[in-house]
Amino acid sequence: MNGLLINDPEILAAMEKDGEGVFIPAKLDKEGKPVKSDNCLATLETYGRIFRYVNKKLTSMAQSLYEGDVRREPVKGGGTDACRYCDYKTVCGFEKGKPFRKNLRLDHSAAVQAITEEDEENE
Ligand code: SF4
C-alpha cells in the first residue's frame, strides 16, 4: 500500500501492529515513534489543507459543468493516458493530436507543497 498516512503513532500502530512497514509505507521505531519514509506522513493540518484543496477543485469542476463547460481535456503524459481505457472513447470524439492536459506527476512532498502554497494564498 502506498499513499499518505497521518503522522500519529497511535493510528499507525493500529494500522500495522508491529510497525515494521510491511503493509503501510511507514515504520515505527523502538519507542513507537514514526520513522519518516518516502514523505508518506502528513500532519492533521496538512490533511486539512488537502481536504480544502480537493473540496475547492470539486466545487470548481461542478460549477464549470453547471455553466455548460464540457470541454474534453484528458490527461496524458508520464505513463498516463486517460483515454486509453475510457468507456466513452467511441462516442466522445476526442481526436489524436488535440491538446490535452499534461500529467504533472508530482511526488507526495511536491504535491503537498503546491497545495500548501495555494492554501496559504487563499488565507
Ligand atoms: S476518450 Fe474522451 S471522454 Fe474518455 S478520457 Fe478521453 S477525452 Fe475524455
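Keep in mind that this is a model prediction, so the values were computed, not measured.

What about the overall build of the protein chain?
Right, so step 1: Along the backbone of the protein chain there are 4 helices and 7 strands.
Right, so step 2: Overall, the protein chain shows an N-to-C arrangement of helices and strands of β-α-β-β-β-α-β-β-α-β-α.
Right, so step 3: Against the compact-globule benchmark of 14 Å for 123 residues, the protein chain has a radius of gyration of 19 Å, which places it well outside the compact range.
Right, so step 4: Its C-alpha atoms give the protein chain principal-axis dimensions of roughly 55 × 35 × 20 Å.
Right, so step 5: For the protein chain, with 123 residues in total, the buried portion stands at 5%.

Overview of the domain arrangement of the protein chain
Right, so step 1: When the domains of the protein chain are assigned, the result is domain 1 (1-42) and domain 2 (44-123).
Right, so step 2: Once you take the C-alpha centre of each, domain 1 and domain 2 turn out to be 28 Å apart.
Right, so step 3: Between domain 1 and domain 2, the contact holds 5 residues from the first and 7 residues from the second.
Right, so step 4: The class makeup of the residues in the side of domain 1 that touches domain 2 is 4 nonpolar, 1 polar and no charged.

Some remarks on helix 2 (residues 44-66)
Right, so step 1: Across its 23 residues, helix 2 extends 33 Å between first and last C-alpha, which sits within 8% of the 33 Å expected from 1.5 Å per residue.
Right, so step 2: In terms of burial, helix 2 is largely open, as just 0 of its 23 residues are buried.
Right, so step 3: Of the residues one or two after helix 2, Gly68 is the one with positive phi, at around 95°.

Quick word on the site of the ligand
Right, so step 1: Every residue close to the ligand is listed here: Arg72, Pro74, Ala82, Cys83, Cys86, Tyr88, Lys89, Cys92 and Phe94.
Right, so step 2: By residue class, the composition of the shell around the ligand is 7 nonpolar, no polar and 2 charged.

Considering the sheet that holds strand 6 (residues 80-81)
Right, so step 1: Reading across from one edge, 6-5-7 is the order of the 3 strands in this open sheet, with mixed pairing throughout. With partners counted over all chains shown, the strands left at the sheet margins are strand 6 and strand 7 (101-102), one partner each.
Right, so step 2: Taken together, the 2 bridges between strand 5 (residues 75-77) and strand 7 define a ladder with parallel strand orientation. Bridged to Val75 within strand 7 is Arg101.

A look at the packing of helix 2 against helix 4 (residues 108-121)
Right, so step 1: Interhelical geometry of helix 2 versus helix 4 gives an angle of 75° and a closest axis separation of 9 Å. Between helix 2 and helix 4, the crossing angle belongs to the class labelled roughly perpendicular. Mapping the contact onto sequence places Thr46, Arg49, Ile50, Arg52 and Tyr53 in helix 2 and Val112, Ile115, Thr116, Glu118 and Asp119 in helix 4.
Right, so step 2: Classifying every residue of the contact of helix 2 with helix 4 by side-chain character gives 4 nonpolar, 2 polar and 4 charged.

How each quantity is defined
Residues numbered from 1 in each chain as written. Predicted model: local features only at pLDDT ≥ 70, side-chain atom pairs only at ≥ 80, totals over all residues. Helix = DSSP H or I, 4+ residues; strand = E, 2+ residues; numbered from the N terminus. Rg over C-alpha atoms; globule rule 2.2 N^0.38 Å. Buried ≥ 20, exposed ≤ 12 C-beta atoms within 10 Å, placed from the backbone. Domains from an automatic or database assignment. Contact = placed C-beta atoms within 7 Å. Nonpolar A, V, L, I, M, F, W, Y, C, P; charged D, E, K, R; others polar. Expected span 1.5 Å × (residues − 1). Near = placed C-beta within 6 Å. Pairing = 2+ DSSP bridges. Axes fitted to C-alpha atoms, helices over the stretch in contact; angles between N-to-C directions. Parallel < 35°, antiparallel > 145°, perpendicular 65-115°, else oblique.

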